[in-house]
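Results of the structural survey
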Amino acid sequence: MCIVLVSCIGTRLLSTIYYIEDLDSLRFALSMVEYDVAKLQPHFPAYPVFCFVAKLLYSLIRRYALAFSLLGGLSTFFIIFFTLKIAKIECTTILGKFTIFAIFMNPLLWLMSNRYMPDAMGVACLLASLYLTTAQVDNNKGKWCFNTIGFFLAGILLGIRLSYLPLLLPALVIRLLKHPNRLKYIVAGTFGILVWLIPLLWITGWGPLITAAQTQSQGHFLDFGGTVSTNPGLLFRFTKLIESVFAGGLGLYWIGRHPITVCTTITLIAVVVLSNWQTVRRWFIEKRPVDRLLTLNPIILGCVFYLVWIFLAQNIIHKSRHVLPLLPFLAVGIAFSCNRIVAVQKTKTTTNSKLHRMICPFAWGIVVIFFISYSYVSLYTVVQHTKPTAIAQIHKYLYNKQNQEGNKLQIVSVPLITYYMASQALEAEYITVKSEEDFVQLDKLETGIISIGSPLPNRVPKVEKIFYHNPYVNRMWSELPLYEY
């Protein structure tokens, strides 16, 4: 596992990004300079544990981009470590190596480990809490200790990534119902919350924190959060959820994607079909005692619960990162399927089906082709991630334009884009538009206007540029037009 640790940290540091890719990343980058929830640095729920650890690393290495990548590399390692623990897989086995590689090379997980955001660290803490909460230990004292730490980490998770709690809830509730002395678990979870809540209240203050919580919660669920209340099309949401899991999360084919994703998809389908799902059945029933199957039920329930949660209450239309906690479990499924068809070559018994015996000579080839194409998609996406997103390209273009011409720019756009530009030392006169009525204020301006996102009514632009980035790197503002008048 030492090699895995070094590889996780080394590769994530090599793929560090040195630009602000979107508004969410901007808020976390600003929190490294000044942590202020009232100023949305970052926005509520404040992510105090993540920001504290990231700022600690930043104070040591003095580069916030590298601090985020270092934290992402460490998080990736712990995601691998606790996934193996949950699935009871030895890292030295072929199955263990398949699992490690499937998680290590996962495209979305790699992207999020370089992003200036807490998602990767949140998944690591979630899996650690899940493993310890559901742990079955022969020694009752050891079992109590494991489960107690699991509840403590559940409290810590709320200070890293609050929205991941639904996946953990079934495991916490079942453990509480099964244990007669549940007060110790409740105290441990409460202590995990107080560890970060007390400093947060001291830094922010009760009033500003409550105001930020109310404003952000109302905005998320009723205004800008992309929930089912603001984007009610259920079929469209379901399509985007499937795209997030398979295309964004696993690098598989979707309309408009690179042809190599077709190869990844076909070989993965072949692996799953040829394994005939016997891997899951044998692992649960033939190779594992029934009591171990029962310990996995909270995890299965948690995944279903979490899927419903993000479908209804998260912005799955514009942000595929919400499926991140599900990917380690999907990676385990892929690893088991690969291991099953490869193992056919070693167990040529009469119990194997005719189809299994026929594919023996091709088993390794199918698996190798899958992992090669899977890795290519990941690496290609990661390399593209090192290049600026559309909004970052526009910022650089306008910054250079201002330096060359020396005139103060007049920028027209929606509030989120003007905030992004203004927060990164682009001095300009910002004109924010939220509706058609706001365009009236532009009547007194004849020339020198730059519009980002949409053209101005009743005007013909002198220059029109379109900035673009791969939407599977980041769905947010993957294509942004700029108009100069």
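Structure: above.
These notes cover the structure that comes with them. (Residues numbered from 1 in each chain as written. Predicted model: local features only at pLDDT ≥ 70, side-chain atom pairs only at ≥ 80, totals over all residues. Heavy atoms only, no water.)

1. A look at the overall build of the protein chain
From N to C terminus, the protein chain includes 20 helices and five strands. At 25 Å, the protein chain has a C-alpha radius of gyration in line with the 23 Å of a compact globule built from 485 residues. For the protein chain, the spread of C-alpha atoms along the principal axes amounts to about 85 × 55 × 45 Å. In the protein chain, the proportion of contacts linking residues at least 24 apart, taken out of those at least 6 apart, comes to 70%. Accessible surface computed for the protein chain: about 22,700 Å², of which carbon and sulfur atoms make up 67%. If the 42 positive side-chain charges of the protein chain are averaged to one point and the 23 negative ones to another, these points end up 18 Å apart. (Helix = DSSP H or I, 4+ residues; strand = E, 2+ residues; numbered from the N terminus. Rg over C-alpha atoms; globule rule 2.2 N^0.38 Å. Contact = heavy atoms within 4.5 Å. Areas by Shrake-Rupley, 256 points an atom, 1.4 Å probe, with all protein chains shown as cover. Lys, Arg positive; Asp, Glu negative; His and termini not counted. Charge placed at Lys NZ, Arg CZ, Asp CG, Glu CD.)

2. Focus: the packing of aromatic side chains
Using the criterion set out here, one finds 25 aromatic pairs in the structure. Residues Tyr 64 and Tyr 116 carry aromatic rings whose centres are separated by 5.5 Å and whose planes lie at 80° to one another, so their mutual orientation is edge-to-face. Taken as a pair, Tyr 64 in helix α4 (residues 64-87) and Tyr 116 in the loop between α6 (107-114) and α7 (119-133) lie far apart in primary sequence, 52 residues in all. On the basis of an interplanar angle of 15° and a centroid distance of 5.7 Å, the ring pair of Phe 98 and Phe 371 is categorised as stacked. (Phe/Tyr/Trp six-rings, centres within 6.5 Å; stacked < 30°, edge-to-face > 60°.)

3. Focus: the nonpolar core
By size, the foremost hydrophobic cluster in this structure holds 126 residues, and its most contacted members are Phe 50 and Leu 398. Looking at this core, the element that brings in the most residues is α4, giving twelve residues. Those residues within four positions of Phe 50 in sequence are excluded, and the remaining contacts are Phe 28, Phe 68, Leu 71, Met 117, Pro 118, Met 121, Gly 159 and Ile 160. Listed in part, the ten residues of the second largest apolar core include Val 433, Leu 445, Leu 456 and Tyr 483. (Core = buried A, V, L, I, M, F, W, Y, C linked by side-chain atoms within 4.5 Å. Buried < 20%, exposed > 50% of the residue type's maximum accessible area, 1.4 Å probe, protein only.)

4. Quick notes on the environment of Asp 438
Along the chain, Asp 438 turns up in the loop between β2 (428-432) and β3 (449-452). Discounting chain neighbours no more than four positions away, the residues touching Asp 438 are Thr 432 and Val 433.

5. Observations regarding a nonpolar patch on the surface
Judged by side-chain polarity, Phe 52, Leu 56, Leu 60 and Ile 61 come together as a nonpolar surface patch covering roughly 420 Å² of accessible area. Residue position: Phe 52 is located in helix α3 (residues 48-61). Accessibility expressed as a relative area gives 58% for Phe 52, which makes it exposed. (Patch = residues over 30% accessible without salt bridge, like charges linked within 9 Å, V, L, I, M, F, W, Y side chains within 5 Å. Salt bridge = Lys/Arg side-chain N within 4 Å of Asp/Glu carboxyl O.)

6. Concerning helix α11 (residues 206-222)
Taking 1.5 Å per residue, 17 residues should reach 24 Å; α11 reaches 24 Å between its end C-alpha atoms and fits that length. Within α11, burial applies to Leu 209, Ala 212, Ala 213, Gln 216, Gly 219 and His 220. Viewed end-on, α11 has its buried residues packed into an arc of 150°, placing them on one side of the element. The exposed residues of α11 that point more than 90 degrees off its buried face are Trp 206, Gln 214, Thr 215, Gln 218 and Leu 222. (Expected span 1.5 Å × (residues − 1). Arc of directions from axis to C-beta.)

7. Things to note about the state of the cysteines
By definition, a disulfide links two cysteine residues through a covalent bond between their sulfur atoms. Applying the stated criterion across every chain yields a total of zero disulfides. No disulfide involves Cys 91; its sulfur sits 10.0 Å from the nearest other cysteine sulfur, which is in Cys 2. We classify Cys 91 as partly exposed; its relative accessible area is 25%. You can see Cys 263 has no disulfide; the closest cysteine sulfur is in Cys 338, sitting 13 Å from it. (Disulfide = S-S within 2.5 Å.)

8. Here we look at the pattern of salt bridges
Here the structure, examined in full by the defined rule, presents ten salt bridges. Note that Arg 115 is salt-bridged to Glu 21, the shortest N-O span being 3.3 Å. Taken as a pair, Arg 115 in the loop between α6 and α7 and Glu 21 in the loop between α1 (2-14) and α2 (23-33) lie far apart in primary sequence, 94 residues in all. Exposure remark for Arg 115: the relative accessible area of 7% places this residue in the buried category. What makes Glu 21 buried here is its relative accessible area of 1%. Residues Glu 484 and Lys 401 are paired through a salt bridge, measuring 3.1 Å at the closest nitrogen-oxygen approach. Of the two residues, Glu 484 sits in strand β5 (residues 479-484) while Lys 401 sits in helix α19 (residues 390-405), which places them 83 residues apart along the sequence. A residue is classified by how much of its surface remains accessible, and Glu 484, at 9% relative accessible area, is buried. Through salt bridges that share partners, Asp 24, Asp 119, Arg 161, Lys 319 and Arg 321 make up one connected network.

9. Describing the packing of helix α5 (residues 94-104) against helix α16 (residues 327-343)
Between two packed helices, the angle of one axis relative to the other and the distance separating the axes together describe the packing. Two numbers describe how α5 lies on α16: the axes approach to 8 Å, and their chain directions differ by 140°. By the angle between their axes, α5 is oblique relative to α16. Of the two elements, α5 crosses α16, and the hand of that crossing is right-handed. On α16, the residues touching Ile 94, Leu 95, Phe 98, Thr 99, Ala 102 and Ile 103 of α5 are Ala 331, Val 332, Ala 335, Phe 336, Cys 338, Asn 339 and Val 342. Looking at the contact of α5 with α16 residue by residue, the class counts come to eleven nonpolar, two polar and no charged. (Axes fitted to C-alpha atoms, helices over the stretch in contact; angles between N-to-C directions. Parallel < 35°, antiparallel > 145°, perpendicular 65-115°, else oblique. Left-handed = near helix turned anticlockwise from the far one by under 90°. Nonpolar A, V, L, I, M, F, W, Y, C, P; charged D, E, K, R; others polar.)

10. Some details on the sheet that holds β2
Read across the sheet, five strands follow the order β2-β1-β3-β5-β4 without closing on themselves; strand pairing throughout is mixed. The open sheet terminates on both sides in strands that have one partner only, identified here as β2 and β4 (463-468). Between one strand and the next, the sheet's axes are offset by a mean angle of 20°, whatever the strand orientation. Relative to β5, β3 is paired through three bridges, and the arrangement is antiparallel. Pairing of Ser 451 across the sheet is with Tyr 483, part of β5. The strands touched by α19 are β1 (409-413), β2, β3, β4 and β5; relative to β5, the strand with the most contacts, the crossing angle is about 25°. Across the face of the sheet, helix α20 (residues 415-422) comes into contact with β1, β2, β3 and β5 while running at roughly 165° to β2. (Pairing = 2+ DSSP bridges.)

11. Here we look at the pairing of β1
With respect to burial, β1 is a largely interior element, five of its five residues being buried. Burial along β1 is two-sided: Leu 409, Ile 411 and Ser 413 facing one way and Gln 410 and Val 412 facing the other are all buried. One ladder, built from five bridges, connects β1 with β2; its direction is parallel. Residue pairing in the sheet places Val 412 in a bridge with Ile 431 of β2. In this region the chain leaves β1, passes through α20 and returns to the parallel neighbour β2; the handedness of that crossover is right-handed. As defined by bridge partners, β1 adjoins β3 across three bridges and the pair is classed as parallel. Bridging from a neighbouring strand, Gln 410 pairs with Ile 449 of β3. (Right-handed = clockwise from strand over helix to strand, strands pointing away.)

None of the figures reported here should be taken as evidence of function without further support.
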